[in-house]
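So the chains spell out like this:
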2 protein chains.
Amino acid sequence: MLSGFHGKILEINLSNGKHRVTVVPEEDYRLYLGGSGLAARIYKQRGYDRFPPLSEEAPLLIMTGILTGYNIPTACKAAFCGKSPATSIWSEAIVGGYWPAVFKTNGFDGLIITGRADKPVYLHFGGGEFSIRDAGLLWGEDVYETSGRLEAEHGGKVKVAAIGPAGENEVLISSIMIDGHDARAAGRCGMGALMGSKNLKAIAVEKGDLMPDLSDRERLVQTRKKVLPTIREKAKGLSDFGTAGGVPMVEKLGDLPIRNWTGGSWAEGAARVSGQAMAEQYFVKHYACFACPIGCGKEMKVPLGPHRGTVSHGPEYETVAGFGAMCLNDDPEYVITANDLCNRLGIDTISGSAVIAFTMELYEHGLIPRNLLGDLRPEWGSGESILKLIRQIAYREGLGEYLAKGVKKAAEHFGPLAKEFAVESKGLEFAFHDPRAFTSMAIVYAVGNRGACHLEGLTYFNENRAYPGSMIGLKDDFDPHGSDDKALLAKTMQDYMATFNALGLCKFLIRGHVTPAVIAEWVSAVTGWDFNREELFRAGERIFNIKRVINTGLGISRKDDTLPPRLLAHERGEGAAAGSLPHLGKMLFEYYKLRGWSPEGIPLPETRERLGLG
Amino acid sequence: MLSGFHGKILEINLSNGKHRVTVVPEEDYRLYLGGSGLAARIYKQRGYDRFPPLSEEAPLLIMTGILTGYNIPTACKAAFCGKSPATSIWSEAIVGGYWPAVFKTNGFDGLIITGRADKPVYLHFGGGEFSIRDAGLLWGEDVYETSGRLEAEHGGKVKVAAIGPAGENEVLISSIMIDGHDARAAGRCGMGALMGSKNLKAIAVEKGDLMPDLSDRERLVQTRKKVLPTIREKAKGLSDFGTAGGVPMVEKLGDLPIRNWTGGSWAEGAARVSGQAMAEQYFVKHYACFACPIGCGKEMKVPLGPHRGTVSHGPEYETVAGFGAMCLNDDPEYVITANDLCNRLGIDTISGSAVIAFTMELYEHGLIPRNLLGDLRPEWGSGESILKLIRQIAYREGLGEYLAKGVKKAAEHFGPLAKEFAVESKGLEFAFHDPRAFTSMAIVYAVGNRGACHLEGLTYFNENRAYPGSMIGLKDDFDPHGSDDKALLAKTMQDYMATFNALGLCKFLIRGHVTPAVIAEWVSAVTGWDFNREELFRAGERIFNIKRVINTGLGISRKDDTLPPRLLAHERGEGAAAGSLPHLGKMLFEYYKLRGWSPEGIPLPETRERLGLG
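Residues numbered from 1 in each chain as written. Chains lettered and ligands numbered in written order. Predicted model: local features only at pLDDT ≥ 70, side-chain atom pairs only at ≥ 80, totals over all residues. Heavy atoms only, no water.

Caption draft 1: Seen up close, the sheet that holds strand 9 (residues 158-162) of chain A. All names here are of chain A. The six strands are arranged 8-7-12-9-10-11 in an open sheet whose pairing can be described as mixed. Only two strands of the sheet have a single neighbouring strand rather than two, namely strand 8 (129-134) and strand 11 (184-186). Across the sheet, the axes of successive neighbouring strands diverge by a mean angle of 20 degrees, strand direction being ignored. On the sheet, helix 4 (residues 143-153) packs against strand 7 (121-126), strand 9, strand 10 (176-178) and strand 12 (200-206) and is oriented at approximately 150 degrees with respect to strand 9. (Pairing = 2+ DSSP bridges. Helix = DSSP H or I, 4+ residues; strand = E, 2+ residues; numbered from the N terminus. Axes fitted to C-alpha atoms, helices over the stretch in contact; angles between N-to-C directions. Contact = heavy atoms within 4.5 Å.)

Here's what the structure looks like:
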């Protein structure tokens, strides 16, 4: 009798409407923990990497973790995985809310969707059954409208994962959105385009009665009780003001990217667009994902545009950094409205704001042909330009046709100098924590399995002591601008964070000072395995490496493990990280050795052997 | 009345056989000093950069310097300039011997050759005239044979610049060779292919009686007398054993690239292939370029192959490093024979040996398809493979079809991992001084106007005190592995060295401890200008920047100012530079500021204004 997971995955081929149920051995769950770990295992095992991302054969793997859906703090996540249409390498976009936990009650741990429907469809799960349904009337509608209509259609009982027009139009920076107005995003790597390419508009799930067993409820209750007070205390800032509450502190640390990564300080602007400032004027209510004691979600009133006055998800830290600091826009009304617009249209706010800041720099340098500009004047700080460009991107109109591809591909259209302004790694735009402020992040971004992702390491939390190194067996005091011990920090946190994306946990647990031992305890309680901290890290290492092995098979090596020149060779003259530049080469070489990779960044045969990666 | 130069350049269009004489204002000579400085000025002024390197319209500019041809230590050089077929950016290949000084006696400072002859031709200068002559019988012959036949044809009175089969076949790593067996090479950037594309096999020059006047002979004699003893003393090692005499010391400093830049020490091998060891067994005689008191040239007996027993130019340091250490070949007989073969076929020994070491690494990793290998087994150290590959490259046969393009373009044919083994910058293979041993060289290679060239900076001489920094107004003690003050060192030496390529001087003058003030004195004595050290450096800065401006117009910027990952992120475990990696980003940012370039590496308007670059 399995506990913690069904051991079953539903596969649906949208080309012919056929489906089958695949049974996955328990051993694979123990080694890969579900979520994006198990998804990577299946992806590799089946050789899915041979299919181009937008081909009919390319799979979209949606996987919950073995903790997802239990009453464990933040155990709310699912992973949307496959080959990224933006980067053409391994991709995972992790999302919380209620959809994942509800999905899991339908008798499957995950979905593998292949093929392409001949007309727009959505999937419906409910009453122990699933069906492929016509989505002709939903196609073209935005995410909130789509979610609302499906909720109405199904008696208010469904949670919805949906794409917007951006995903339909195969915009390479499009997202998959969850839970309507209480929005959560599977944002990065253009997974919306992957879903859109299958003519799949949405997946609506009702709560079922097929949740897997739980091995030791009492043990879980006790562990939960022990850690809840600390989580609530340490993560209080998130509860009060959401992730956007961090903006002023991040600016103060020199960690906030400003003016497409060229600026060093922006204190007044940061204060104006902070979560604290927005809360005063626009806040409507708090909300939380499934099982989350933090509740970082904030709903706000949209201040501008056609949706003015409606209530929407309030912008996250990344969104404020992007549509605020990156674009030099200090008007919170445009930030909130841009966020709402991206959510509706299904655009990743990180890549979306990055490509718009990039556009503003192109414009400053006169690199955009007049005929492409039309009446657009995308000057630094222009909120109206931000809103216009978001629409152009979603519909691939005008400049949007180029920007929809992300900064790397867009840069190719605007002359060689444009590449200087494209801040990306492996084709993915950087998230908004500066590797010049916390140099461990240089490694995390450079070797990130899905490109320049902050969440694969999150080591700035360790460097600024929001999650002291001692919690994971390392030292507490890292020199934020130095190179010492950063390789070990990056490796350790990457392995640890990989287990979160597999188990179904939110990474804000580390803000709540949860240790690996506690997480191992949860795994034991849920599954009945005798699981411990060491096995957790081994799993994390295995999971991190299987993604690397997938990517090296796709041509990735050391040459790709780098940062754009702006982050390697552009000192900023002001702010807390003025003058700091990461010594990437030095850290990377040490990192590869720790990983058991060749100097070219390829996992060595003995490393693959040790981790059972063949 | 002009002194030091004719003020006249001969332009020949080989498509129609027409020629004209262009008068260049004295002011341009004073600002750009002739040689590759004046060539760059003309190249930019005429907008030659719009022509692809192998197009009919593309020019080959051959320029002597204002000191070339006078009795000034090492004043023997000419510059072969244009757009490199290998890199598609500015290129200059500088060469000494007698040809340049003899050319200058024919009434012109330089040649601009455009067009394409409809059949193979050579140019002949003599008796105050020049002619375009049929080279049908020379086409296909090697360099030594060609030179010998032209000498015979013209009564032993000509010096010859010629290409070999590699240049004829537009091999992108082909050279232009000078002076027959007393060989000197305009080696880098594939200028042989540029000449070959014009169906121009050779340029044979007789000594004329049109040497420009000399302003103050007595002043020159006095200055020369003062410095000669020091030059002879300090550069004695070069006189005794040639550049190859430096191999053991370079190895000891961790500066010798070993096994395609992965190894750290190779002391026994270095001893076996050193200039000292070769001198014992194969040495025939010393020779010197025009006006050179050092005489680093060595003739040696070819020990292997069809030319066994003939006397040929002995391998230089770079050639020994390339066909020795880079390929792990410690048999001097193969080094000498490979050098002879490259000279005959007209292949740059730096790029040629680099691409062969690269091939050996490809082979080690099984990346070369069997059908391309034939009976070739290019294992590390295989001298026979080296010789076979040189021939394949010259004739573009088998593997040679790919290798003839240089490592960057070749790597594209052998899968993504192959790029890890391609050690190049801007498409040019690195010369064989390791930027991990002397980190100032990281800047020099990264920003080199013709790509990864050591000669644009030569700062390892400063770092190892062969040319103490105080000679150019800097400190003497640089930490070879640190980053401090390296930007200023690189800039200063680049500006200084740019004047050598313009004036017609050999850079071994710095081994002879000649200071900028002495060189300014020579310029004054020759031209009659009141020239000083400051004006010399201003000219050097102007010259370095005009090439940068040409290149930025061709799309070059910071993104291209980098080193391959092997040199940035591959610590070596042994040798004197074990563990050292250059912090390129840090040095580069400082360097751009010193240069007056934007953080993206573009010369700022005020910098261009200051230097008169429009």
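Caption draft 2: How the structure looks around the pattern of salt bridges. Residues and elements named next belong to chain B. If you walk through the whole model with that rule in mind, you get 72 salt bridges over all chains. Residue Arg46 is joined to Glu11 by a salt bridge in which the shortest nitrogen-to-oxygen separation is 2.6 Å. You can see Arg46 sitting in the loop between helix 2 (35-45) and strand 3 (60-64) and its partner Glu11 sitting in strand 1 (residues 8-13), a full 35 residues away along the chain. On the basis of relative accessible area, Glu11 is assigned to the buried category, the value being 8%. Between Glu600 and Arg558 there is a salt bridge whose closest N-O contact spans 3.9 Å. (Salt bridge = Lys/Arg side-chain N within 4 Å of Asp/Glu carboxyl O. Buried < 20%, exposed > 50% of the residue type's maximum accessible area, 1.4 Å probe, protein only.)

Caption draft 3: Spatial organisation of the domain arrangement of chain A. Residues and elements named next belong to chain A. Domain annotation for chain A reports domain 1 (8-206), domain 2 (240-422) and domain 3 (432-610). Computed from C-alpha atoms alone, the centre-to-centre distance between domain 1 and domain 3 is 26 Å. Residue-level contacts link 38 residues of domain 1 with 32 residues of domain 3. Summing both partners gives a buried area of about 3,000 Å² for domain 1 against domain 3, and 68% of it is carried by carbon and sulfur. Interface area lost by domain 1 to domain 3 is led by Arg30, Leu33 and Leu67, which between them contribute 23%. (Domains from an automatic or database assignment. Buried area = accessible area lost by both parts, 1.4 Å probe.)

Caption draft 4: Summary view of the relation of the copies chain B and chain A. Expressed as a screw operation, the relation of chain B to chain A combines 0.0 Å of axial shift with a rotation of 180 degrees, fitting to an RMSD of 0.0 Å. Accordingly, the operation relating the two chain copies is best matched by a two-fold axis. No C-alpha of chain B lies nearer the rotation axis than that of B:His583, which sits 2.8 Å from it. By residue overlap, the copies meet face to face through one surface: 100% of the interface positions of chain B are interface positions in chain A. (Least-squares fit on C-alpha atoms with pLDDT ≥ 70 in both.)

Caption draft 5: Expanded view of the environment of B:Lys104. All names here are of chain B. The topology assignment puts Lys104 in helix 3 (residues 99-104). A relative accessible area of 0% means that Lys104 is categorised as buried. Between the alpha carbons of Lys104 and Leu568 there is a distance of 43 Å; along the sequence they are 464 residues apart.

Caption draft 6: The arrangement of the interface of chain B and chain A in detail. Listed as interface residues are 26 residues of chain B and, on the opposing side, 26 residues of chain A. Of the roughly 2,300 Å² buried between chain B and chain A on both sides combined, carbon and sulfur atoms contribute 59%. Between the two partners, chain B and chain A, sit six salt bridges. A salt bridge links B:Glu571 to A:Lys586; the nearest nitrogen and oxygen atoms lie 3.8 Å apart. At the boundary of chain B and chain A, one finds 10 residue pairs in polar contact (both at pLDDT 80 or more). When contributions to the side of chain B that touches chain A are tallied by element, the ones reaching two or more residues are helix 24 (565-569) and helix 25 (584-595) of chain B. Here the residues of the side of chain B that touches chain A are counted per class, giving 12 nonpolar, six polar and eight charged. (Polar contact = N/O pair within 3.5 Å; in protein donor to acceptor, adjacent residues only side chain to side chain. Nonpolar A, V, L, I, M, F, W, Y, C, P; charged D, E, K, R; others polar.)

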